[in-house]
Amino acid sequence: SVRLWSDYLSVHLHPKSIYVIRQYMHDGECGCLEAFGQGESLLRDPSCVEELEDRLHFYAEECDHLQGFQVLCDLHDGFSGVGAKVTELLYDEYSGKGILTWGLTPVLSNVGVNHFLFASLKFQRLDFLSQDYQKNFYRLMNTALGIVHLSSHSSLFCPMSLSGSLGIK
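Residues numbered from 1 in each chain as written. Predicted model: local features only at pLDDT ≥ 70, side-chain atom pairs only at ≥ 80, totals over all residues. Heavy atoms only, no water.

Going by the annotation in an unreviewed UniProt entry, the name recorded for the chain is MSTO1 protein, with Syrrhaptes paradoxus given as the source organism. In its Subcellular location (unreviewed entry) section, the UniProt entry covering the chain states "Cytoplasm". (UniProt positions renumbered as here; feature names shortened; annotations may be inferred.)

As structure tokens, then:
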């Protein structure tokens, strides 16, 4: 039975290449990883950093001549904070190695909420729009913080989106 997108994954990944964030699994106790600070705080936990470093060193030791890293990271949610801490770790551990970071944003159909729209709508729709506005605000802040932090620890930072606005209007 299919429950998650990863159930469709036909490529078998090495067990050391997968790190599951248990708090934010689909049935985890914390819900969604929706803010930059949530993602950043995950990698402040010493046990999490140690586990990540062990996995990273496992692959780095297999390389004859390590030239650098490619990091693909969502910008619009809490994974921008995770990516920021990971690139910081790579920058500190492997100074002199290239870090190419791709900041990814989704295509969103209705990203911006017009402020003038609030006054003309009925009261029952205001709560829905307020929640939508809050999500858009989180998306904007996560993207901005992600771009700043990821680019400061990367040799090259390249934002990518299928829309022309990085998911922001």
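(A) Quick peek at the overall build of the chain. Within the chain, the secondary structure is distributed over five helices and three strands. Mapped in sequence order, the helices and strands of the chain form the string α-α-β-α-β-α-α-β. With an accessible surface of roughly 11,300 Å², the chain has 56% of that area assigned to carbon and sulfur atoms. (Helix = DSSP H or I, 4+ residues; strand = E, 2+ residues; numbered from the N terminus. Areas by Shrake-Rupley, 256 points an atom, 1.4 Å probe, with all protein chains shown as cover.)

(B) Spotlight on the environment of Asn-136. By the secondary structure assignment, Asn-136 is in helix 5 (residues 123-152). For the pair formed by Asn-136 and His-76, sequence separation is 60 residues and the distance between their alpha carbons is 9.2 Å. Within the structure, the side chain of Asn-136 is placed 2.6 Å from the side chain of Arg-139, a separation counted as a polar contact. (Polar contact = N/O pair within 3.5 Å; in protein donor to acceptor, adjacent residues only side chain to side chain.)

(C) Representation of the pattern of salt bridges within the structure. For the structure shown, the criterion picks out three salt bridges. Residue Glu-51 is joined to Arg-55 by a salt bridge in which the shortest nitrogen-to-oxygen separation is 2.8 Å. Taken together, the residues Glu-51 and Arg-55, both in helix 2 (residues 46-60) and four residues apart, mark about one turn of the helix. In this structure, Lys-85 engages Glu-88 in a salt bridge whose closest nitrogen and oxygen atoms are separated by 3.5 Å. Of this pair, Lys-85 and Glu-88 both sit in helix 3 (residues 79-93), three residues apart, roughly one helical turn. Judged by relative accessible area, which is 18%, Lys-85 ranks as buried. (Salt bridge = Lys/Arg side-chain N within 4 Å of Asp/Glu carboxyl O. Buried < 20%, exposed > 50% of the residue type's maximum accessible area, 1.4 Å probe, protein only.)

(D) The arrangement of the packing of aromatic side chains in detail. All chains considered together, the criterion is met by two aromatic pairs. Centre to centre, the rings of Phe-58 and Tyr-59 are 5.1 Å apart; their planes meet at 85 degrees, and the pair counts as edge-to-face. By relative accessible area, Phe-58 is classed as partly exposed at 29%. Looking at Lys-16, its charged tip hangs above the ring of Phe-58, at a distance of 5.3 Å from the centre. (Phe/Tyr/Trp six-rings, centres within 6.5 Å; stacked < 30°, edge-to-face > 60°. Lys NZ or Arg CZ within 6 Å of the ring centre and 35° of its normal.)

(E) Seen up close, the environment of Pro-15. Summarising the element assignment, Pro-15 is placed in the segment before helix 1 (36-42). Residue classification places Pro-15 among the exposed positions, given a relative accessible area of 62%.

(F) Spatial organisation of helix 2. Between its first and last C-alpha atoms helix 2 spans 20 Å; for 15 residues at 1.5 Å apiece the expected length is 21 Å, and the two agree. Tucked into the core, helix 2 has its buried residues touching helix 1, strand 1 (68-74) and helix 3. (Expected span 1.5 Å × (residues − 1). Contact = heavy atoms within 4.5 Å.)

(G) Local environment of the environment of Leu-52. Tracing the backbone through its elements, the reader meets Leu-52 in helix 2. Given the relative accessible area of 22%, Leu-52 is considered partly exposed. With 33 residues separating them in the primary sequence, Leu-52 and Tyr-19 have C-alpha atoms 7.7 Å apart. If sequence neighbours within four positions are ignored, Leu-52 has contacts with Leu-43, Val-86 and Leu-89.

(H) Looking closely at helix 3. Helix length check: helix 3, at 15 residues, gives a terminal C-alpha distance of 21 Å against a target of 21 Å (1.5 Å per residue), a fit within 8%. Buried within helix 3 we find Ser-80, Gly-81, Val-82, Gly-83, Ala-84, Lys-85, Thr-87, Leu-89 and Leu-90.

(I) Looking closely at the nonpolar core. If you look at the biggest cluster of nonpolar residues, it comprises 13 residues, and the most contacted ones within it are Leu-56, Phe-69, Leu-90 and Tyr-94. Those elements that place two or more of their residues in this core are helix 2, strand 1 and helix 3. In this structure, Ile-21, Leu-42, Cys-48 and Val-82 belong to the second largest nonpolar core, which totals six residues. (Core = buried A, V, L, I, M, F, W, Y, C linked by side-chain atoms within 4.5 Å.)

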